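So you can see what is in the structure, the chains are spelled out below.
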Amino acid sequence: MQFKNIIFDFGGVFIEVDYHKTEQAFKALGISDFDALYSQHRASALFQDLETGKLQPAAFCKAVRELSGIELSDEAITDAWNAMLGVYMESQMEVLLHLRNQYRLILFSNTNEIHYNAFSELYRQKVGQKPFQEYFDAVYYSHLCGYRKPDKTSFLHLLAQEKISAPETLFIDDTLINCTGAMEAGIAAIHLSPPLRVSDIDFNNVSHYLISSKSM
């Protein structure tokens, strides 16, 4: 099976993400049921609106205060929300330099303005050889493009925008439900389930790693 395009997820693939750290940070602020609102595998309407750009950071912080009934500062909420962000996996990013010669590389990330500002600054401070987006031919952040995974239509929008076909495209994500959404759009998918990393994949024989449609 020969692919021409690879769509990559971001969090958990090129930057470490620990959702429990954000859960713990919000619990430390007195919000004990944060995990009911957001996790790696699901998000409430509040967070979906944040990740599709319908809700701005200030309005998000206000909503968190109203939901929690706790008078928290925007800074405290922002810091807790960003607690999940870890370090960039530079060894995984180096793989992209080799793949660029063979594939069109695209980044598709469910994110938001708060995280975007934080991980952009983290990259500038800790990595910074060149802009992160330059590792890719195209970059799609959900809060900027207005759609998010795992919706089938989000993948169809991306394919149309890039003028690429689903059968020639591979999707790689560490969240299984996002892989399922890609497959519903006709895109082959690899679930990057730990300990598997991008650097472990033999891109000359990716069929070994593909999710079977029978498992959907």
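This report concerns the structure included in the present document. (Residues numbered from 1 in each chain as written. Predicted model: local features only at pLDDT ≥ 70, side-chain atom pairs only at ≥ 80, totals over all residues. Heavy atoms only, no water.)

### Description of the packing of helix 4 (residues 57-68) against helix 5 (residues 74-82)
To characterise two packed helices, one gives the angle between the axes of the helices and the distance between these axes.
Move 1: Their axes nearest at 10 Å, the elements helix 4 and helix 5 cross at an angle of 95 degrees. Classified by the angle between their axes, helix 4 and helix 5 sit roughly perpendicular to one another. Residues F60, C61, V64 and R65 of helix 4 lie in contact with helix 5, whose contacting residues are D74, I77, T78 and W81.
Move 2: Classifying every residue of the contact of helix 4 with helix 5 by side-chain character gives 5 nonpolar, 1 polar and 2 charged. (Axes fitted to C-alpha atoms, helices over the stretch in contact; angles between N-to-C directions. Helix = DSSP H or I, 4+ residues; strand = E, 2+ residues; numbered from the N terminus. Parallel < 35°, antiparallel > 145°, perpendicular 65-115°, else oblique. Contact = heavy atoms within 4.5 Å. Nonpolar A, V, L, I, M, F, W, Y, C, P; charged D, E, K, R; others polar.)

### Comments concerning unusual backbone geometry
Most of the time, phi is negative for any residue but glycine, and the peptide bond is trans.
Move 1: Here the residue pair K149 and P150 is connected by a cis peptide bond, since its omega of 10 degrees sits within 30 degrees of zero.
Move 2: If you trace the backbone, P150 turns up in the loop between helix 8 (142-145) and helix 9 (152-162).
Move 3: The linkage connecting P194 with the following residue, P195, adopts the cis geometry, with an omega of 10 degrees.
Move 4: With respect to the helices, strands and loops of the structure, P195 is situated in the segment after strand 7 (188-191).
Move 5: Residue K163 is not a glycine yet carries a positive backbone phi of 55 degrees.
Move 6: Looking at the secondary structure, you find K163 in the loop between helix 9 and strand 6 (169-173).

### A short note on the environment of L97
Move 1: Within the element layout of this structure, L97 appears in helix 6 (residues 90-99).
Move 2: Put simply, L97 and L196 are 99 residues apart on the chain and 19 Å apart in space, counted from C-alpha to C-alpha.
Move 3: Ignoring anything within four residues of it in the chain, the contact list for L97 reads K130 and Y135.

### Describing the side chain of R148
Move 1: Tracing the backbone through its elements, the reader meets R148 in the loop between helix 8 and helix 9.
Move 2: You can call R148 buried: its relative accessible area is 12%.
Move 3: Among the polar contacts made by the side chain of R148, one reaches the side chain of E51 at a distance of 2.7 Å. (Buried < 20%, exposed > 50% of the residue type's maximum accessible area, 1.4 Å probe, protein only. Polar contact = N/O pair within 3.5 Å; in protein donor to acceptor, adjacent residues only side chain to side chain.)

### Let's talk about helix 4
Note: α-helices contain 3.6 residues per turn, so residues at a spacing of three or four share the same orientation.
Move 1: The terminal C-alpha atoms of helix 4 lie 16 Å apart, and with 12 residues this matches the ideal 16 Å at 1.5 Å per residue to within 8%.
Move 2: On its buried face, helix 4 is in contact with helix 1 (19-28), helix 3 (45-51), helix 5 and helix 7 (113-126).
Move 3: One or two positions beyond helix 4, positive phi appears at G69, with a value near 75 degrees. (Expected span 1.5 Å × (residues − 1).)

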